[in-house]
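# Close look at the chain arrangement
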Amino acid sequence: MLEVNNIHVSYDGVPALYGVSFRVEEGEIVSIVGSNGAGKSTVLRTVSSLLRPTQGSIRMNGEELTALRPHEVVLRGIAHVPEGRRLFNRQSIKDNLTLGAFTRKSQADREEVLEKVYEVFPILKKRLGQLAGTLSGGEQQMLAIARALMLKPKLLMLDEPSLGIAPKLVDEIFETLKEINEKQGITILLVEQHVHEALELADRAYVLQTGRVVTEGTGKELLQSDAIQKAYLGI
């Protein structure tokens, strides 16, 4: 589905990614893990065309994405839930969801997608008039994911969905992602600092270190790796 090959990315001439390559197959959950500053967010921003690679290619179902603008990438079926959620805080839950459905042209289509979103996040349906900025961190993350689902994406990309969320809600967020993948058949690319949770969830995973992929494997393989346990899991 998604093929990223040898991308190099810089910020104002300062290199951030050095020849990063990975793939995401249809129906998978793929995690990219690593320490803060490793380049994880940069990867997602580049796939979304918020950043341009200086070298390399990004293909979605065989189509090159690197020359596209961000809204054109969205129209190819890629939804990006950014770090920090980036909600419209002075707008209601319903307004945020509606804005997420800008690619859905018919009212009937929007309502159909809304109902599926409510099945995943029933709490949102009960509080549609509440302003997004008054929600808790966990509720805001639910809304950010729900807004992305309004696009009916083929690929859902999430950047640190556990950031700023109470520890007891982190497991709930990851269980929700598993449900979205299994019940709605949506492919997921996850960037996450909670390495153990991200590897447990993933079919396959890549470890990023200082802008380079240093190892890859199934989530289970990496969880059992001595190097990963010592470097990221404190074992």
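Right, let's walk through the structure included here. (Residues numbered from 1 in each chain as written. Predicted model: local features only at pLDDT ≥ 70, side-chain atom pairs only at ≥ 80, totals over all residues. Heavy atoms only, no water.)

### A closer look at the environment of Tyr118
Stated precisely, the cut-off is as follows: Here a helix means four or more residues in a row that DSSP labels H or I, a strand means two or more in a row labelled E, and each is numbered from the N terminus. With a 1.4 Å probe rolled over the protein chains alone, any residue whose accessible area is under 20% of its type maximum counts as buried; one over 50% counts as exposed, and the rest are partly exposed. Any two residues whose heavy atoms approach within 4.5 Å are treated as being in contact.
Secondary-structure assignment places Tyr118 in helix α4 (residues 107-120). By relative accessible area, Tyr118 is classed as buried at 8%. The spatial distance from the C-alpha of Tyr118 to the C-alpha of Ile186 is 16 Å, given a sequence separation of 68 residues. Not counting residues up to four positions away in its chain, the partners in contact with Tyr118 are Lys94, Leu97, Lys125 and Leu128.

### Notes on unusual backbone geometry
At Asp12, a residue that is not glycine, the phi angle is positive and equals roughly 50°. Mapped onto the fold, Asp12 is located in the loop between β1 (2-11) and β2 (14-24). Within the chain, Thr210 stands out as a residue other than glycine whose phi angle is a positive 45°. Inspection of the secondary structure puts Thr210 in the loop between β9 (204-209) and β10 (212-218). Look at Thr210 and you get exposed, because its relative accessible area is 54%.

### Looking at a negative patch on the surface
Note the following rule: Note on patches: the residues involved have over 30% relative accessible area and no salt bridge, like charges join within 9 Å, and the nonpolar side chains Val, Leu, Ile, Met, Phe, Trp and Tyr join within 5 Å. Exposure was quantified through the Shrake-Rupley algorithm and a 1.4 Å probe, taking into account, for residues, occlusion by the shown protein chains and nothing else. Any carboxyl oxygen of Asp or Glu within 4 Å of a side-chain nitrogen of Lys or Arg constitutes a salt bridge here. The charge count includes Lys and Arg as positive and Asp and Glu as negative, but it does not include His or the ends of the chains. All charge positions are set by atom: Lys at NZ, Arg at CZ, Asp at CG, Glu at CD.
Together, Asp171, Glu175, Glu182 and Glu200 make up a negatively charged patch on the protein surface. A per-element tally of the negative patch places helix α7 (residues 167-184) first, with three residues. If you trace the backbone, Glu175 turns up in helix α7. Exposure remark for Glu175: the relative accessible area of 53% places this residue in the exposed category.

### Observations concerning the packing of helix α6 (residues 137-149) against α7
Put simply, the test is: With axes taken as lines fitted to C-alpha atoms, and helix axes fitted only over the stretch in contact, angles between N-to-C directions fall between 0 and 180 degrees. In these notes the angle categories are as follows: under 35 degrees is roughly parallel, over 145 is roughly antiparallel, 65 to 115 is roughly perpendicular, and the rest is oblique. Crossings are assigned a handedness: left-handed for a near helix turned anticlockwise from the far helix by less than a right angle, right-handed for a clockwise turn. All residues other than Ala, Val, Leu, Ile, Met, Phe, Trp, Tyr, Cys, Pro, Asp, Glu, Lys and Arg, Gly among them, are scored as polar; the first ten of these are nonpolar and the last four charged.
Where α6 contacts α7, the two axes come as close as 10 Å, and the packing angle between them is 15°. When the axes of α6 and α7 are compared, the pair comes out roughly parallel. Where α6 crosses over α7, the two elements pack in a sense that is right-handed. Across from Gly138, Gln141, Met142, Ile145 and Leu149 in α6, the residues of α7 making contact are Leu169, Glu172, Ile173, Leu177 and Ile180. Considered class by class, the residues forming the contact of α6 with α7 number seven nonpolar, two polar and one charged.

### Some details on the pattern of salt bridges
If you walk through the whole model with that rule in mind, you get eight salt bridges. A salt bridge links Arg59 to Glu64; its shortest N-O distance comes to 3.7 Å. The residue Lys125 makes a salt bridge to Glu115 at a minimum N-O spacing of 3.7 Å. Of the two residues, Lys125 sits in helix α5 (residues 122-125) while Glu115 sits in helix α4, which places them ten residues apart along the sequence.

### Details of the sheet that holds β2
The strands that make up a sheet are held in pairs by hydrogen bonds between backbone atoms, and each pair lies either parallel or antiparallel. Counted only if it meets this: DSSP bridges decide pairing: two strands pair if at least two such bridges lie between them.
The antiparallel open sheet is built from four strands, whose spatial order is β2-β1-β4-β5. On the outer flanks of this sheet lie β2 and β5 (63-64), each paired with one strand and no other. When strand β4 (residues 55-60) meets β5, the two strands line up antiparallel, connected through two bridges. For Arg59, the partnering residue across the bridge sits in β5 and is Glu64. Together, β1, β2 and β4 form the strand contacts of helix α1 (residues 40-47), whose direction differs from that of β1 by roughly 110°.

### A few points about the nonpolar core
Spelled out, the test is: For our purposes a nonpolar core is just a set of buried Ala, Val, Leu, Ile, Met, Phe, Trp, Tyr and Cys residues, chained together by side-chain atoms within 4.5 Å.
Within the largest apolar cluster, 47 residues are counted, with the highest numbers of intra-cluster contacts made by Leu97, Phe121, Leu156 and Leu177. Here the element with the most residues in this core is α6; it accounts for seven residues.

### As for the sheet that holds strand β8 (residues 187-192)
Strand order in this open sheet of six strands is β6-β7-β8-β3-β9-β10, and the pairing throughout is mixed. Every interior strand has two partners, whereas the edge strands, β6 (78-81) and β10, have only one. Here the average twist between neighbouring strands, direction ignored, is 15°. Examined bridge by bridge, β6 and strand β7 (residues 155-159) share four bridges and lie parallel to one another. Paired with Ile78 across the two strands is Leu155, which belongs to β7. Contacts between α7 and the sheet are confined to β3 (29-33), β7 and β8, with β8 contributing the most and set at about 160° to the helix.

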